[in-house]
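Inside the fold
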2 protein chains.
Amino acid sequence: MLTYRDAGVNIDAAEQLLRRLKPLIRSTFTPAVLTDIGHFGGLYDARFPHYEHPVLVASTDGVGTKIKLAIRLGIHSTVGQDLVNHCVNDILCCGARPLFFLDYFACGQLDSAIAEQVIGGIITACRQNGCALIGGETAEMPSLYAPGDYDLAGTIVGVAERSRIIDGSSIQPGDLLIGLASTGLHTNGYSLAMAALREHDLETYIPELQSSLGEALIAIHRSYAATLLPVLDRGLLKGLAHVTGGGIMGNLSRILPRGVSAYIDWASWEVPPLFRYIQRAGNIPEEEMRRVFNLGIGIVLVVAPEHASEVLALCAEEKPVVIGHIQAAS
Amino acid sequence: MLTYRDAGVNIDAAEQLLRRLKPLIRSTFTPAVLTDIGHFGGLYDARFPHYEHPVLVASTDGVGTKIKLAIRLGIHSTVGQDLVNHCVNDILCCGARPLFFLDYFACGQLDSAIAEQVIGGIITACRQNGCALIGGETAEMPSLYAPGDYDLAGTIVGVAERSRIIDGSSIQPGDLLIGLASTGLHTNGYSLAMAALREHDLETYIPELQSSLGEALIAIHRSYAATLLPVLDRGLLKGLAHVTGGGIMGNLSRILPRGVSAYIDWASWEVPPLFRYIQRAGNIPEEEMRRVFNLGIGIVLVVAPEHASEVLALCAEEKPVVIGHIQAAS
């Protein structure tokens with residue numbers, strides 16, 4: 001006699017988890033949320049009275065193999081924050097502010113304590129970013145994920161005024177590139193970093209890093225929304241590139257119009273010690289480092305020269321640096 | 001000397017895949033899509049001129065361990081359709097029509113041919129449901145997924161007129177429950193089914209099923225949008241329950257107001273042979289079957305008795321059956 005539970009799926013545990021999380025999830029709700037948890041869809045008011053021509057901006061992402069690091073370190077409260085902040089930064093690049101979020105959590109066997117920490121991290125970051133968690137899926141898939149393993153993905157939907165959407169089209173030679181500091185690897189390059197550090201102990205304090213390798217690697221992906229939404233509201237940005245897979249150049253190229261290219265002065269900021277440590281450990285070519293990692297720059301702002309000092313002042317807490325400029329494409 | 005590629009991540013392959021998929025993805029675009037592919041966010045017009053009070057309805061889901069079946073059978077073109085149709089049905093239960101979709105595809109090693117089939121299935125179903133694919137993430141995570149394995153999740157956003165949202169609140173004793181036929185297991189209960197069928201050959205033709213086990217099990221999760229949107233537009237439905245995890249009763253309970261319960265006449269329809277085959281193979285108790293599987297009923301409509309004949313006629317192609325009624329809770 002066989003039951004779902006024998007086959008490795010525990011519906012009751014999932015329901016208990018949701019019951020425990022409900023009050024926390026509700027704490028992310030804004031007045032625009034029109035539904036409670038447990039319906040077939042999350043409901044969100046789409047009237048947007050403060051917008052002339054509202055445009056929804058949506059993005060889906062995961063946190064890559066940073067998940068494996070979290071599992072290895074037994075630190076489960078931060079990957080959810082990585083995920084939300086990553087998504088917030090992505091839609092920020094179009095000039096959008098976050099409205100709501102939905103998560104996907106998949107595991108081999110549902111460990112309620114771990115799931116609660118992971119989803120707790122999502123809730124924390126949703127609250128910090130003013131984003132309502134209106135839906136999600138928790139999947140127990142014993143044949144796909146090894147015991148203890150899990151994966152995490154999420155979708156954000158935000159809103160922007162159509163006339164103020166930042167699509168990079170006005171970028172021209174002479175514009176300046178301002179980089180804001182990252183907190184570490186954010187969510188990119190973990191497969192390479194962990195391959196490079198395969199034989200390294202993650203727990204010993206390393207003076208160069210002022211922390212252990214594990215602590216430096218798990219640092220939470222930063223959200224730039226609080227800093228940049230006011231800058232966007234003032235219309236001071238021509239383009240924004242979130243530095244994810246593909247590095248600084250790869251992501252800038254996503255927003256540059258034809259006929260221009262980016263010149264980066266790679267000596268204009270100090271690459272944080274963690275990246276150099278990984279590079280040495282793996283003997284990774286500099287070019288590969290630039291293609292894979294953010295190297296200390298979490299997001300790049302494209303700004304007309306006449307606005308640069310104002311933008312630098314508004315972003316002062318994010319350690320802004322002019323890292324290059326736009327030039328005619330050669 | 002170590003590179004990202006040595007660490008198992010091939011950025012170039014992902015970029016080539018996206019290039020090949022671009023024209024197909026664009027084929028899902030509606031006039032409300034305001035962006036092309038490759039930006040940091042997908043853009044969708046949020047003016048909704050035909051709505052007085054538009055409400056967004058969003059849902060995230062996966063396809064569970066049906067993924068493992070697809071991998072085992074080497075059939076990758078259908079799970080994307082399962083995913084989209086599942087999500088479409090979920091928001092349909094709130095009375096919403098689909099606007100846009102975003103997918104998450106995660107694998108151990110990116111096999112472009114397989115990824116193209118999987119995402120091709122998403123595109124097919126997006127087109128069928130009038131839903132634009134405006135974003136997605138393809139993640140290569142060699143340390144999390146075994147070679148050949150992948151996972152898939154997706155998020156749908158739709159829109160409903162606030163005054164016509166179906167939330168079940170008007171359901172009362174005497175209302176009828178009409179079930180529409182499922183095409184098979186849809187996307188639920190695969191862990192239990194595969195455990196029950198562990199030692200069964202999936203490829204031999206089985207007269208009872210009029211197909212092989214594999215063909216019967218991989219049957220595509222049906223979208224009820226084309227049938228039910230016109231019924232919703234006429235205001236004929238008090239509630240809709242998509243039969244997913246939790247079975248008919250578990251999902252009906254998500255929409256029933258306090259004070260009423262559902263009476264199901266389990267003999268009112270013929271449970272398709274596939275479910276009986278699985279039950280016999282695993283010696284699964286009837287109660288467990290009802291809690292895990294849809295047993296041939298893909299979605300349940302709650303209808304006032306005076307509207308039943310009209311609804312039955314409008315849904316004639318979906319093999320509708322009155323499967324029970326609403327009663328005062330005991």
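Residues numbered from 1 in each chain as written. Chains lettered and ligands numbered in written order. Predicted model: local features only at pLDDT ≥ 70, side-chain atom pairs only at ≥ 80, totals over all residues.

**What to know about the overall build of chain A**
Using the following cut-off: A run of DSSP states H or I qualifies as a helix once it reaches four residues; a run of E qualifies as a strand once it reaches two. Both are numbered from the N-terminal end. This radius of gyration counts C-alpha atoms alone. The globule rule is 2.2 Å times how many residues there are, raised to the power 0.38. Around each residue's C-beta, the other C-beta atoms within 10 Å are counted; 20 or more make the residue buried, 12 or fewer make it exposed, and counts in between make it partly exposed. All C-beta atoms are placed from the backbone. Here, residues touch in the contact sense if the C-beta positions derived from the backbone fall within 7 Å of one another.
Along the backbone of chain A there are 11 helices and 12 strands. Expected size for 330 residues packed as a compact globule is a radius of gyration near 20 Å; at 21 Å, chain A falls within 12% of this value. Overall, the C-alpha framework of chain A stretches about 70 × 55 × 30 Å when taken along its three principal axes. Taking all 330 residues of chain A together, 54% fall into the buried category. The contacts in chain A between residues at least 6 apart in sequence include a share of 85% that link residues at least 24 apart.

**Considering the interface of chain A and chain B**
Which entries qualify depends on this criterion: Three residue categories are used. Nonpolar comprises Ala, Val, Leu, Ile, Met, Phe, Trp, Tyr, Cys and Pro, charged comprises Asp, Glu, Lys and Arg, and polar comprises the others, including Gly. Whether two strands pair comes down to DSSP finding at least two bridges between them.
Counting residues at the interface gives 74 residues for chain A, matched by 74 residues for chain B. Considering each element in turn, the side of chain A that touches chain B owes the most residues, nine residues, to strand S2 (residues 54-62) of chain A. Class assignment of the residues belonging to the side of chain A that touches chain B gives a composition of 40 nonpolar, 22 polar and 12 charged. In this structure, S2(A) lies alongside strand S1 (residues 42-45) of chain B, joined through four bridges in antiparallel fashion. Paired with A:Ala58 across the two strands is B:Gly42, which belongs to S1(B).

**A few points about the relation of the copies chain A and chain B**
For clarity, the cut-off: Alignment of the copies relies on least squares applied to C-alpha atoms, considering only residues that score at least 70 for pLDDT in both.
With an RMSD of 0.0 Å, the fit of chain A onto chain B corresponds to turning through 180° and sliding 0.0 Å along the axis. Here the two chains are linked by the operation of a two-fold rotation axis. Take the interface residues of chain A: 100% of them recur as interface residues in chain B, which is what a same-surface contact looks like.

**Looking at the environment of B:Asp265**
All names here are of chain B. Residue position: Asp265 is located in the loop between strand S10 (260-264) and helix H9 (273-282). Put simply, Asp265 and Val322 are 57 residues apart on the chain and 8.8 Å apart in space, counted from C-alpha to C-alpha. If near-sequence neighbours (up to four positions away) are discounted, Asp265 is found in contact with Ile323 and Gly324.

**A short note on the packing of helix H3 (residues 79-92) of chain A against helix H4 (residues 112-128) of chain A**
Residue and element names in this part refer to chain A. Condition: Whenever a helix is involved, its axis is fitted only over the stretch in contact; in every case the axis is a line through C-alpha atoms, and angles between N-to-C directions fall within 0 to 180 degrees. Geometric relationships in this document are graded by angle, where less than 35 degrees denotes roughly parallel, more than 145 denotes roughly antiparallel, 65 to 115 denotes roughly perpendicular, and other angles denote oblique. Whether a crossing is left-handed or right-handed is set by the direction in which the near helix is turned from the far one by less than a right angle, anticlockwise for left-handed and clockwise for right-handed.
Between H3 and H4, whose axes approach to 6 Å, the crossing angle comes to 40°. The angle between H3 and H4 places the two elements in the oblique class. Seen along the crossing, H3 lies across H4 with a hand that is right-handed. Across the interface between the two elements, Val79, Gly80, Gln81, Leu83, Val84 and Asn85 from H3 touch Val118, Ile119, Gly120, Gly121, Ile122, Thr124, Ala125 and Cys126 from H4.

**So, the domain arrangement of chain A**
Often, the extent of an interface is quoted as the loss of accessible area upon association of its parts. All names here are of chain A. We apply this condition: Each domain's limits were defined by an automated method or a database of domain assignments.
Each assigned domain of chain A is listed here: domain 1 (11-162) and domain 2 (176-328). The straight-line distance from the C-alpha centre of domain 1 to that of domain 2 is 24 Å. With 25 residues of domain 1 at the contact, the number on the domain 2 side is 22 residues. Those elements giving two or more residues to the side of domain 1 that touches domain 2 turn out to be helix H2 (66-73), H3, strand S3 (97-107) and H4. Considering each element in turn, the side of domain 1 that touches domain 2 owes the most residues, eight residues, to H3. Partitioning the side of domain 1 that touches domain 2 into residue classes produces 10 nonpolar, 10 polar and five charged.

**Some thoughts on the sheet that holds strand S11 (residues 297-303) of chain B**
Residue and element names in this part refer to chain B. Read from one edge to the other, the open sheet built from five strands follows the order S9-S11-S6-S12-S10, with strand pairing classed as antiparallel. Strands at the two margins of the open sheet, each flanked by one partner only, are strand S9 (239-242) and S10. Averaged over all neighbouring strand pairs, the angle between strand axes comes to 25°, with direction disregarded. Judged from the six bridges that link them, strand S6 (residues 176-181) and S11 form a sheet pairing that is antiparallel. Counterpart to Ile178 in the pairing with S11 is Leu301.

**Re the sheet that holds strand S5 (residues 150-161) of chain A**
Strands sit in the order S4(A)-S3(A)-S5(A)-S2(A)-S1(B) across an open sheet of five strands; the sheet is mixed. Looking at which strands have only one partner, the edges of the open sheet turn out to be strand S4 (132-140) of chain A together with S1 of chain B. Each strand of the sheet is rotated relative to its neighbour by a mean of 20°, with strand direction disregarded. Across eight bridges, S3(A) lies against S4(A) in parallel orientation. Across the sheet, residue A:Asp103 finds its bridge partner in S4(A), namely A:Gly136.

**Topic: the environment of A:Arg127**
All names here are of chain A. Tracing the chain through its elements places Arg127 in helix H4. Arg127 gets classed as partly exposed once you count the C-beta atoms within 10 Å, which come to 15. For the pair formed by Arg127 and Ile25, sequence separation is 102 residues and the distance between their alpha carbons is 9.4 Å.

**Remarks on the packing of helix H1 (residues 11-26) of chain A against H4(A)**
Each pair of packed helices gets described by two things: the angle between the helix axes and the distance between those axes. All names here are of chain A. Orientation of H1 relative to H4, taken along the N-to-C sense of each, is 30°, at an axis distance of 10 Å. Between H1 and H4, the angle is such that the two are roughly parallel. Handedness of the crossing formed by H1 with H4: right-handed. Of the residues in H4, those in contact with Ala13, Gln16, Leu17, Arg20, Leu21, Leu24 and Ile25 of H1 are Ser112, Ala115, Glu116, Ile119, Gly120 and Ile123.

**Thoughts on the pairing of strand S6 (residues 176-181) of chain A**
Residues and elements named next belong to chain A. Counting buried residues along S6, five of its six residues qualify, which places the element largely inside the surrounding structure. Relative to strand S12 (residues 321-328), S6 runs antiparallel, the two sharing four bridges. What sits directly across from Gly179, in S12, is Val321.

**Brief notes about H4(A)**
Residue pairs three or four apart in sequence face the same way in an α-helix, which turns once every 3.6 residues. All names here are of chain A. Our working rule: One fewer than the residue count of a helix, multiplied by 1.5 Å, yields its expected span.
Counted at 1.5 Å a residue, the expected span for H4 with its 17 residues is 24 Å, and the 24 Å between its end C-alpha atoms agrees. Along H4, the residues classified as buried are Ala115, Val118, Ile119, Gly121, Ile122, Ile123, Ala125 and Cys126. Of the residues one or two after H4, Gly130 is the one with positive phi, at around 65°.

**A word on unusual backbone geometry**
Even without being glycine, A:Gln210 reaches a positive phi, approximately 55°. Even without a glycine there, the phi angle at B:His186 is positive, about 55°. Mapping B:His186 onto the fold places it in the loop between S6 and helix H5 (190-196). Taking the number of C-beta atoms within 10 Å as the measure of exposure, B:His186 has 26 and is therefore buried.

**Overview of the confidence of the model for chain A**
Note the cut-off: Confidence of the predictor at the level of single residues is captured by pLDDT, which takes values from 0 to 100.
Scored by pLDDT, chain A comes out at a mean of 95, with 99% of its residues at no less than 70. Here the predicted complex scores 0.96 on pTM and 0.96 on ipTM.

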